[in-house]
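# What the coordinates show
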Amino acid sequence: MTQAPTFQPKNGVKTELPPYETIALVLQGGGALGAYQAGVYEGLQEAGIEPDCLAGISIGALNTAIIAGNKPADRVPKLRQFWDTICQPYFGITMPYMLQAALFQVNDMTREAISAFNASNAVLQGQAGFFRPRFPPPPQFSPGLPEAASYYDTSALRDTLHELCDFDRINDGAMRIAVGAVNLTSGNFVYFDNTKTTLRAEHFMASGALPPAFAPVEIDGQFYWDGGLVSNTPLAYVLEQTPRKDTLAFQVDLWSARGNVPTNMGEVSDRINEVRYSSRTRNVTEQMRRLQYMRHIISSLLERIPESERSSQLACRLAEEMASSKRYNVIHLIYRNRPYEQHYKDHQFGPLTMKEHWESGLEDIRNTLKHSDRLAMPDNLTGFSTYDVHRDELEQKNQR
């Protein structure tokens, strides 16, 4: 059982977490928006909350590798090193940082222009320690190798992961690690889990191999693409693990299912990505809540049946396999768009925007931890509770 830590939110009030058996950090995919997740993790660490279960997809898988692959004291510095690295152009040609910083503070129009510039740089030059354009470009119709069937080469990412991550630590069992990917030949979604396999850099790269930009990654003779093609949120995988445990899960999403009706084609492209990659986290959460409600009811009914009958009746034995009185608390942290962000925000790796994403994640988790009661063990019929600081703020605003 995970030891209940104390944490020190910025409001100065010490709070002790209830005795959850596991604390999970669940990281969605979203490219350059992933710095938001790094900010959330920094806030958890400064509060003394260390997850013992990490699950990620795409950029969430890469953040997972950095966190799990380092000792606690090094995790935030290594995350900063990772993001500082990949937010530089591969070929080193970009607008001077000081000029960007000065212009970035002018207004949203200049922020949008700088963001478009950096997104174009990513397309044309690639990002340091991450990917570079293929030269010559991949063939459109003539046969080639699967490893080259993409517009960018991600071999630099393998070197970055080996530099920043200790894979012995990732596989030592201290934390449960799982990353999702899609098998190209079967089309099936799979999780690479360190309780079942020895994780390597390729497993994390496969989870982030989004086509057609990135090529599939070969693992043990099979090729895999980005897990976000099927499901961009590994929450269900974490909550369905057996044996079931009292769980506090921090679900960190980079795409919001909620949004405005588009008024131009750029907004249409942006909204398509939000709908496609948000994976309807709240719907998944609601489904898990209903399942746990059912398990609680079954558990309660079984308690009313004598032990002799429960052991002799097949239906009772099957019901015992389904029953559970465990409790789950899911804390949603969902990135909210800035007014100047456009459809290219997931490949806009500019350092200034990255820092803004990071600070946004840090602010959201700090505001969440101010409400220590939201971290309480659920005490209701379902054994399940959720909290979203932005939804809470919206409800309070509507009540005024």
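Report follows, based on the coordinates.

What counts, and at which threshold
- Residues numbered from 1 in each chain as written.
- Predicted model: local features only at pLDDT ≥ 70, side-chain atom pairs only at ≥ 80, totals over all residues.
- Heavy atoms only, no water.
- Helix = DSSP H or I, 4+ residues; strand = E, 2+ residues; numbered from the N terminus.
- Rg over C-alpha atoms; globule rule 2.2 N^0.38 Å.
- Buried < 20%, exposed > 50% of the residue type's maximum accessible area, 1.4 Å probe, protein only.
- Contact = heavy atoms within 4.5 Å.
- Areas by Shrake-Rupley, 256 points an atom, 1.4 Å probe, with all protein chains shown as cover.
- Lys, Arg positive; Asp, Glu negative; His and termini not counted.
- Charge placed at Lys NZ, Arg CZ, Asp CG, Glu CD.
- Patch = residues over 30% accessible without salt bridge, like charges linked within 9 Å, V, L, I, M, F, W, Y side chains within 5 Å.
- Salt bridge = Lys/Arg side-chain N within 4 Å of Asp/Glu carboxyl O.
- Axes fitted to C-alpha atoms, helices over the stretch in contact; angles between N-to-C directions.
- Parallel < 35°, antiparallel > 145°, perpendicular 65-115°, else oblique.
- Nonpolar A, V, L, I, M, F, W, Y, C, P; charged D, E, K, R; others polar.
- Phe/Tyr/Trp six-rings, centres within 6.5 Å; stacked < 30°, edge-to-face > 60°.
- Expected span 1.5 Å × (residues − 1).
- Left-handed = near helix turned anticlockwise from the far one by under 90°.
- Disulfide = S-S within 2.5 Å.

Let's shift gears to the overall build of the protein chain. A tally of helices and strands in the protein chain yields 15 helices and 13 strands. For the protein chain, whose C-alpha radius of gyration is 22 Å, the value lies close to the compact-globule estimate of 21 Å for 400 residues. Structurally, the protein chain occupies a C-alpha span of about 75 × 55 × 45 Å along its principal axes. The buried share among the 400 residues of the protein chain stands at 53%. The contacts in the protein chain between residues at least 6 apart in sequence include a share of 73% that link residues at least 24 apart. When the accessible surface of the protein chain is totalled, it reaches about 18700 Å², and 53% of it is carbon and sulfur. Distance from the positive charge centre (39 side chains) to the negative charge centre (46 side chains) of the protein chain: 3 Å.

Turning to a nonpolar patch on the surface, a few remarks are in order. A cluster of nonpolar residues, Tyr293, Ile297, Leu301 and Leu381, forms a patch on the protein surface that exposes about 400 Å² of accessible area. According to the relative accessible area criterion, Leu301 is partly exposed, its value standing at 48%.

In this section: the packing of helix H4 (residues 97–104) against helix H14 (residues 351–369). The N-to-C vectors of H4 and H14 enclose an angle of 55°; their axes lie 10 Å apart at closest approach. As far as their axial angle goes, H14 and H4 are oblique. Residue-level inspection shows Tyr97, Gln100, Ala101 and Phe104 of H4 in contact with H14, the latter providing Pro351, Leu352, Thr353, Lys355 and Glu356. Of the residues that constitute the contact of H4 with H14, the class distribution is five nonpolar, two polar and two charged.

On to the side chain of His203. Along the chain, His203 falls in helix H8 (residues 201–207). The contact partners of His203, leaving out residues within four places of it in the chain, are Val179, Phe192, Thr198 and Ile219.

With that out of the way, let us pick up the pattern of salt bridges. Applying the stated criterion to the full structure yields 18 salt bridges. Across the pair Glu274 and Arg271 runs a salt bridge whose closest N-O atoms are separated by 2.7 Å. With Glu274 and Arg271 both in helix H10 (residues 265–277) and three residues apart, the pair spans about one turn of that helix. The exposure classification of Glu274 matches that of Arg271, with both residues buried.

Our next topic: the packing of aromatic side chains. The full count for this structure, using the stated rule, is 17 aromatic pairs. Residues Tyr36 and Tyr335 carry aromatic rings whose centres are separated by 5.5 Å and whose planes lie at 70° to one another, so their mutual orientation is edge-to-face. Linking Tyr36 in helix H1 (residues 35–46) with Tyr335 in the loop between strand S12 (328–334) and H14, this pair joins segments that are 299 residues apart in sequence. Residue Tyr335 is classed as buried on the basis of its relative accessible area, which comes to 1%. With 4.0 Å between their ring centres and 20° between their planes, Tyr191 and Tyr237 make a pair best called stacked. Residue Tyr191 is located in strand S8 (residues 189–193), and its partner Tyr237 is located in helix H9 (residues 235–239); the two are separated by 46 residues in the primary sequence. For Tyr191, a relative accessible area of 21% puts it in the partly exposed group. Through a chain of ring-to-ring contacts, three or more aromatic side chains come together here, namely Phe130, Phe131, Tyr152, Phe214 and Phe349.

Right, let's talk about helix H3 (residues 72–86) for a bit. With 15 residues, H3 extends 22 Å between its outermost C-alpha atoms, agreeing within 8% with the 21 Å of an ideal straight helix rising 1.5 Å per residue. For H3, every residue scored as buried is listed here: Arg75, Val76, Leu79, Phe82, Trp83 and Ile86. Its buried side turned inward, H3 meets H1, helix H2 (59–68), helix H6 (155–164) and H14.

Residue Phe135 is joined to Pro136 through a cis peptide bond whose omega torsion reads 0°. In this structure, Pro136 sits in the loop between strand S5 (132–133) and strand S6 (152–153). Residue Pro212 follows Pro211 across a cis peptide bond; omega there is 0°. The phi dihedral of Ser58 is positive, around 60°, even though this residue is not glycine. Within the secondary structure layout, Ser58 lies in the loop between strand S4 (53–57) and H2. Residue classification places Ser58 among the buried residues on the basis of a relative accessible area of 12%. The residue Asp220 is not glycine, and still its phi comes out positive at about 50°.

A few words on the packing of helix H11 (residues 281–302) against helix H13 (residues 314–322). Their axes nearest at 9 Å, the elements H11 and H13 cross at an angle of 135°. By the criterion of interaxial angle, the relationship of H11 to H13 is oblique. The handedness of the crossing between H11 and H13 comes out as left-handed. Touching Met294, Arg295, Ile298 and Leu302 of H11 are Cys316, Ala319, Glu320 and Met322, all from H13. A breakdown of the residues in the contact of H11 with H13 according to their chemical character gives six nonpolar, no polar and two charged.

Scanning all chains against the criterion turns up zero disulfides. No disulfide involves Cys53; its sulfur sits 17 Å from the nearest other cysteine sulfur, which is in Cys165. For Cys53, a relative accessible area of 9% gives the class buried.

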